[in-house]
Amino acid sequence: MALYVQKFGGTSVGSVERIKAVAEKVKRDRDAGHQVVVVVSAMSGETNRLIDLASQINEDPTPREMDMLVSTGEQVTISLLAMALHQLGVPATSYTGAQVGIRTDSAHTKARIQRIETDDLKGDLDDGQVVVVAGFQGVDEEGNITTLGRGGSDTTGVALAAALNADECQIYTDVDGVYTTDPRVCSKAQRLERITVEEMLELASLGSKVLQIRAVEFAGKYNVPLRVLSSFEEGPGTLIVADEEIESMEEPLISGIAFTTNEAKLTLLNTPDVPGVASRILGPIADANIEVDMIVQNVAPTGDYTDFTFTVAKGDYKQTMRILQNDVIPALGGGELRGDDNIAKVSLVGVGMRSHAGVASKMFRVLAEENINIRMVSTSEIKISVVIDDKAMELAVRALHTAFGLDKDSIHSE
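Residues numbered from 1 in each chain as written. Predicted model: local features only at pLDDT ≥ 70, side-chain atom pairs only at ≥ 80, totals over all residues. Heavy atoms only, no water.

J.: Explain the pairing of strand 19 (residues 376-380) to me, please; I cannot follow it from the model alone.
T.: Residues in a regular strand project their side chains so that they alternate between the two faces of the sheet. Summarising the sheet, strand 19 and strand 20 (residues 383-389) pair through five bridges and their orientation is antiparallel. Of the residues in strand 20, the one forming a bridge with Ser 380 is Lys 383. What sits between strand 19 and strand 20 in their antiparallel hairpin is a turn of two residues. (Pairing = 2+ DSSP bridges. Helix = DSSP H or I, 4+ residues; strand = E, 2+ residues; numbered from the N terminus.)

Rendered as C-alpha cells:
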C-alpha cells in the first residue's frame, strides 16, 4: 500500500464531467489499496472570473479581501469532488486549507507555507477516507485566509506530500509529462521519463509552464518524488527526482531546451567605468521591484566608459526605460539609452554539462549555421542561455533540438 498525494489543476476539474472522471481515477487507486490525498485547483477560468468581479467593485482591492474572494474557487471544487466520490461509494471528506491545517505567513496573495498540522488528516486516511484538500490556500496565525500565488496548488500538493512522507506527489495536468521542449514549437520533442530536480528548476525558471517553481523547490528541499501525469490519458508521465538518483545513470548531455519571448533588452552606452556604476544603474530598478535577468558589461576602447546591457520582463520594459531616462542617466551625468523588446531567450539545460566540454561552442556553431545572431550570453553549471531576435526563436529551438540529439526516441528511457 502506498500513500499518494494527487493534484489536479483547473483544466482537469473544469466541468462536472471532468470532476466525475477525476473521482473515477481516485476510486481506482483507492480500490488498489492505496491511501489518497487529492489537492484540487479552482475550475478552469473561475479564478479569473472572481478577479474580474473584484475589479468591477474596486480597482485596487485590499490583498486580504482578494484572498478571501479567490480562495472560494477551490472550495467549490473540493465539495463537488467529494460528492462525486460519495456517488461512487468512496468515503471522502473535503477540507479548505485552513481546515486541514496549512499554516502560512501573512503575506496576502503570495503567502508561504510555514507548517502543516497533519494529525487529523492522518486520522482520516487511517479510517479509509479519501481526503480532498483545497489547493492554493492556507491560514495565518491570526486566522486570516491566505493564498500562495497563482499556481500555488502545486505547492500545496508537494507540501502535503512532504508533511505526510508520501510515496509520491502526482501532478495531473493537461500534458502527459515534461518534454525536451515545447511540442507546439518542435514536433520532434520527446517526453522525458525522468529529470532531476535541478534541471526542472532551471526549465521552470526559464519559461516552462508545466510546474510552479516553488513546488519544484519544495520537492527538492524535502526529497519528495514528483511525477507529472496527464489527466486525460494513461501513461507513466515524467518522474522528477533528486540529482543523486540520476547522476549514476548514462544521461544525455542536454535534457531540455527552454525559451521565452517575455523579455526585453536595455543598454546604457558610454556610462562611466568606475566602481559602483552597476549599483547606481540597477539600484533604482530594484527599488521599483523590477527583476533583472541577464547582465553584460563591456569596456569601451578608451577604458573610461562602458556599455551596460541587461534584460527584464517585457511587462516591465516601459517602466524600466522611464527609470533609466529620468533617474539613472541624469545621476550618471549622461549616457545613451537603447532598448529592444523584440528578443527571445533560448536556453540549453542539462546536468550532463558538468562533465562535458564544448556545449557552448557547439550551440554557437549551430546558431551560426542558421545565420542566427547571438546578442547576449549567460551560463551556469547546467545551463547556457542566449538572447536572439524573437523572429529566429523557433528556428533556433528546432536546430538545437536536432543538433543535441533530442529528437531520438530513446531519451531517458527506462
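Having seen it, we continue.
J.: Help me understand the sheet that holds strand 1 (residues 3-8), please; the structure alone is not making it clear to me.
T.: Each strand in a sheet pairs with its neighbour through backbone hydrogen bonds, running either in the same direction (parallel) or in the opposite one (antiparallel). The strand order 3-6-2-1-9-11-12-10 describes an open sheet built from eight strands, whose pairing is mixed. If you trace the sheet from one side to the other, it starts and ends with strand 3 (92-95) and strand 10 (194-196), each paired once. Ignoring strand direction, the axes of neighbouring strands in this sheet form an average angle of 20 degrees. In the sheet, strand 10 pairs with strand 12 (residues 238-241) via three bridges, with the strands oriented parallel. Across the sheet, the residue bridging to Thr 196 is Val 241, located in strand 12. Set on the sheet, helix 1 (residues 16-31) makes contact with strand 1, strand 2 (35-40), strand 6 (130-134) and strand 9 (168-173); between it and strand 1 the angle comes to about 170 degrees. (Axes fitted to C-alpha atoms, helices over the stretch in contact; angles between N-to-C directions. Contact = heavy atoms within 4.5 Å.)

J.: I keep staring at helix 6 (residues 119-126) and nothing clicks. Help me out?
T.: Because each turn of an α-helix spans 3.6 residues, side chains separated by three or four positions in sequence point in the same direction. Taken together, the buried positions of helix 6 are Leu 121, Asp 124 and Leu 125. Seen from one end, helix 6 has its buried residues packed into an arc of 100 degrees, which puts them on one side. The exposed residues of helix 6 that point more than 90 degrees off its buried face are Asp 119, Asp 120 and Asp 126. The inward-facing, buried residues of helix 6 abut strand 1, strand 2, strand 3, helix 5 (97-100), strand 6 and helix 7 (152-164). Just beyond helix 6, the residue with positive phi is Gly 128, at close to 90 degrees. (Buried < 20%, exposed > 50% of the residue type's maximum accessible area, 1.4 Å probe, protein only. Arc of directions from axis to C-beta.)

J.: Would you explain the sheet that holds strand 19 in this entry?
T.: Read across the sheet, four strands follow the order 13-18-20-19 without closing on themselves; strand pairing throughout is antiparallel. On the outer flanks of this sheet lie strand 13 (256-260) and strand 19, each paired with one strand and no other. Taken pair by pair, the neighbouring strands of this sheet meet at an average axis angle of 20 degrees, ignoring direction. Relative to strand 20, helix 13 (residues 359-369) is tilted by about 20 degrees, and along the sheet it contacts strand 18 (343-349), strand 19 and strand 20.

J.: How should I be thinking about the packing of helix 3 (residues 63-70) against helix 4 (residues 72-87) in this particular structure?
T.: Running from N to C, helix 3 and helix 4 point in directions that differ by 20 degrees, and their axes come no closer than 4 Å. Considered as vectors, helix 3 and helix 4 are oriented roughly parallel to each other. Here helix 3 contributes Met 68, Leu 69 and Val 70 to the contact with helix 4, which in turn contributes Thr 72, Gly 73 and Glu 74. Class assignment for the residues of the contact of helix 3 with helix 4 results in three nonpolar, two polar and one charged. (Parallel < 35°, antiparallel > 145°, perpendicular 65-115°, else oblique. Nonpolar A, V, L, I, M, F, W, Y, C, P; charged D, E, K, R; others polar.)

J.: Teacher, can you tell me more about the confidence of the model for the protein chain here?
T.: The predicted coordinates of low-pLDDT regions are not to be read in fine detail. Model confidence for the protein chain is summarised by a mean pLDDT of 90, while 94% of its residues fall at 70 or above. Here helix 10 (residues 244-247) is the element of the protein chain with the lowest mean pLDDT, 54, and strand 2 is the one with the highest, 98. Confidence drops under a pLDDT of 50 for residues 410-414, and excluding neighbours within four residues, the segment shows 18 contacts in the predicted structure. (pLDDT = per-residue confidence, 0-100.)

J.: How should unusual backbone geometry be read in this particular structure?
T.: With a phi close to 80 degrees, Phe 136 is a non-glycine residue in the positive phi region. Tracing the chain through its elements places Phe 136 in the loop between strand 6 and strand 7 (137-139). Judged by its relative accessible area of 6%, Phe 136 falls in the buried class.

J.: Is there a simple way to think about the packing of aromatic side chains in this case?
T.: By convention here, two paired aromatic rings are described through the distance between centres and the angle between planes. Following the criterion strictly, the structure yields three aromatic pairs and no others. Measuring from centroid to centroid gives 4.6 Å for Phe 8 and Tyr 172, while their planes differ by 10 degrees, and the two rings are stacked. In this pair, Phe 8 is assigned in strand 1 and Tyr 172 in strand 9, connecting sequence segments 164 residues apart. Each member of the pair, Phe 8 as well as Tyr 172, carries the same accessibility label: buried. Seen from their ring centres, Phe 308 and Phe 310 are 6.0 Å apart, and the 55 degrees between their planes marks the pair as tilted. Considered together, Phe 308 and Phe 310 belong to a single accessibility category, that of buried residues. When the ring centre of Phe 404 is taken as origin, the NZ or CZ atom of Lys 362, which lies over that ring, is 4.7 Å away. (Phe/Tyr/Trp six-rings, centres within 6.5 Å; stacked < 30°, edge-to-face > 60°. Lys NZ or Arg CZ within 6 Å of the ring centre and 35° of its normal.)

J.: I tried to follow the nonpolar core on my own but got confused; where do I start?
T.: In globular proteins that are soluble, nonpolar side chains generally tend to be buried together. By size, the foremost hydrophobic cluster in this structure holds 41 residues, and its most contacted members are Val 5 and Val 37. When residues in this core are grouped by element, the largest group, five residues, is from helix 7. The residues contacting Val 37, other than those within four sequence positions of it, are Leu 3, Tyr 4, Val 5, Gln 6, Leu 121, Leu 125, Val 131, Val 133, Leu 160 and Leu 164. (Core = buried A, V, L, I, M, F, W, Y, C linked by side-chain atoms within 4.5 Å.)

J.: What is the right way to look at the side chain of Ser 12 in this model?
T.: Examined against the element boundaries, Ser 12 turns out to sit in the loop between strand 1 and helix 1. Residue class for Ser 12 comes out buried when judged on its relative accessible area of 1%. When near neighbours in sequence (up to four residues on either side) are disregarded, Ser 12 contacts Arg 18, Ile 19, Val 22, Tyr 172, Thr 173, Ser 231 and Phe 232.

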